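So you can see what is in the structure, the chains are spelled out below.
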Amino acid sequence: MTSLDKSSGLQSGDWVNVHLPESTRTVASLPTAPSGSRALRNFLTNPAAIIGVAYLGFIAVLAVVAPLLFPRDPFAIVGQPLLWPGQLSNFPLGTDGYGRDLLTGLVHGTRVSLLVGLAATALSVSLGLVVGALAGYFGGVTDAILSRITEIFQTLPSFVLLIVLVAITSTSVTMIIIAVGLISWPNIARLVRAEFRSQRQAEFVTAARSLGYGHVRIIFSDILPNALPPIVVTASAMIASAILMESALSFMGFGDPNAVSWGTMIGAGREYLRTSWYLTAIPGFAIVLTVLAMNLVGDAINDALNPRLLEAR
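Residues numbered from 1 in each chain as written. Predicted model: local features only at pLDDT ≥ 70, side-chain atom pairs only at ≥ 80, totals over all residues. Heavy atoms only, no water.

1. Re the overall build of the chain
Along the chain, the regular secondary structure elements total 11 helices and 0 strands. In sequence order, the secondary structure elements of the chain are arranged as α-α-α-α-α-α-α-α-α-α-α. For the chain, the proportion of its 313 residues judged to be buried stands at 42%. Contacts spanning at least 24 positions in sequence make up 68% of the contacts within the chain whose residues lie at least 6 apart. Total accessible area on the chain stands at roughly 16900 Å², and carbon and sulfur atoms take up 65% of it. (Helix = DSSP H or I, 4+ residues; strand = E, 2+ residues; numbered from the N terminus. Buried < 20%, exposed > 50% of the residue type's maximum accessible area, 1.4 Å probe, protein only. Contact = heavy atoms within 4.5 Å. Areas by Shrake-Rupley, 256 points an atom, 1.4 Å probe, with all protein chains shown as cover.)

2. Thoughts on a nonpolar patch on the surface
There is a patch of nonpolar side chains on the surface, built from Val141, Ile145, Ile149, Ile152, Phe153 and Leu156 and spanning about 530 Å² of accessible area. One can find Leu156 in the loop between α4 (140-155) and α5 (158-168). A relative accessible area of 39% places Leu156 in the partly exposed class. (Patch = residues over 30% accessible without salt bridge, like charges linked within 9 Å, V, L, I, M, F, W, Y side chains within 5 Å. Salt bridge = Lys/Arg side-chain N within 4 Å of Asp/Glu carboxyl O.)

3. Examining the pattern of salt bridges
Summed over all chains, the structure comprises 6 salt bridges. The partner of Asp143 in a salt bridge is Arg193, and the shortest N-O contact between them spans 2.7 Å. Linking Asp143 in helix α4 with Arg193 in helix α6 (residues 173-199), this pair joins segments that are 50 residues apart in sequence. Residue classification places Asp143 among the buried positions, given a relative accessible area of 7%. For Arg193, a relative accessible area of 25% corresponds to the partly exposed category. Between Asp222 and Arg217 there is a salt bridge, and its shortest N-O distance comes to 3.5 Å.

4. Observations regarding the packing of aromatic side chains
Enumeration according to the criterion identifies 4 aromatic pairs in this entry. Look at Trp84 and Trp277: their rings are 5.7 Å apart centre to centre, the planes differ by 80°, and that puts the pair in the edge-to-face class. Linking Trp84 in the loop between α2 (47-69) and α3 (102-138) with Trp277 in the loop between α9 (262-269) and α10 (278-305), this pair joins segments that are 193 residues apart in sequence. For Trp84, a relative accessible area of 33% translates into the label partly exposed. Each member of the aromatic cluster is reached from another via a ring pair, and the members are Trp84, Trp277 and Tyr278. Between the NZ or CZ atom of Arg217 and the centre of the ring of Tyr213, over which it lies, the distance is 3.8 Å. The side chain of Arg270 reaches across the aromatic face of Phe251, ending 5.8 Å from its centre. (Phe/Tyr/Trp six-rings, centres within 6.5 Å; stacked < 30°, edge-to-face > 60°. Lys NZ or Arg CZ within 6 Å of the ring centre and 35° of its normal.)

5. Some points on the nonpolar core
The biggest cluster of nonpolar side chains holds 28 residues, and the ones touching the most others in it are Phe43, Leu56, Leu102, Leu106, Trp262 and Met265. Put simply, the parts of the chain that give this core at least two residues each are α2, α3, α8 (215-251), α9 and α10. Among the elements that make up this core, the one with the highest residue count is α10 (12 residues). (Core = buried A, V, L, I, M, F, W, Y, C linked by side-chain atoms within 4.5 Å.)

6. Section: the side chain of Thr110
Structurally, the position occupied by Thr110 is in helix α3. Given the relative accessible area of 2%, Thr110 is considered buried. Here Leu106 takes part through its backbone oxygen, which lies 3.1 Å from a polar atom of the side chain of Thr110. With near-sequence residues (within four places) excluded, Thr110 lies in contact with Ile59, Ala63 and Trp262. (Polar contact = N/O pair within 3.5 Å; in protein donor to acceptor, adjacent residues only side chain to side chain.)

7. Re unusual backbone geometry
For Leu82, which is not glycine, the phi dihedral falls at a positive 60°. For Leu82, a relative accessible area of 28% puts it in the partly exposed group.

8. Some remarks on the environment of Val291
Within the fold, Val291 resides in helix α10. With 50 residues separating them along the chain, Val291 and Ser241 place their C-alpha atoms 7.9 Å apart. Setting aside chain neighbours within four positions, we find Val291 in contact with Ala240 and Leu244.

9. Some thoughts on the confidence of the model for the chain
Here the chain shows a mean pLDDT of 84. Residues at 70 or above account for 86%. Confidence drops under pLDDT 50 across residues 1-31; counting only partners more than four residues distant or on other chains, this segment forms 23 contacts. (pLDDT = per-residue confidence, 0-100.)

10. Description of α5
Those residues of α5 lying buried are Leu162, Ile163, Leu165 and Val166. All buried residues of α5 fall inside an arc of 165° around its axis, so they share one side. Its buried side turned inward, α5 meets α6 and α8. (Arc of directions from axis to C-beta.)

And the structure:
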């Protein structure tokens, strides 16, 4: 004869695992994403987020007003070569091997480095969204074909592929942005595919289909907004990665020779590493601070949007 479990109201004799906590967990008890206002409040009360946003805001303003603060050409030879920082008041950060002002180059380089980071991330996120959404939503043959293409890109050494793309085309900033975007989209595609596969059978999607909504509307208006939090967190880390890739390319001599970036400054100073290490240390320190700020903001976004982390607090 079966006995009645008073806490759950079920007969444990018929269902042997009904006493397990997970078996009695209802859909309503599953963690859900916080609302927009709550996520914003969580983000703004995170000290790491405030530090990261303040630094990124500072260099963004610096990039915008760089031509006003330092109107002269960053490639102009303005002083004696290899002046150390603080040696002359006219050049607070010194000069490079050609006599160019390091501070002017650092401020103007902010524009190119941020442009590469933001534009390459926008391109890779756009590609990854389209591929991942189509694969995850339609499944079947579409999923199989797009997943194989994604895996092919993932199995190739990304940085080697980046060098090949830039070497056989052009070392312009535009081509560097396109090349970084082309090698970075697979990670976003796999993330978006997983999110769409988990939500394509959800009740709200079934309801949208029953109302006669088209695939495009369901993908972009119903499923995509629910899949955005992990994509935003990943995109913040990809901006830092794109800046590092451009710097690595420039250090190896594949940077744009007509544009000043932090990477080209490091590349120009590699011949003087033993005697004038500040030529690589100063732009390198700027890159470290920017990547650190990006990571702080990305972690803070994850803390604000991840319902499981909020539940654990």
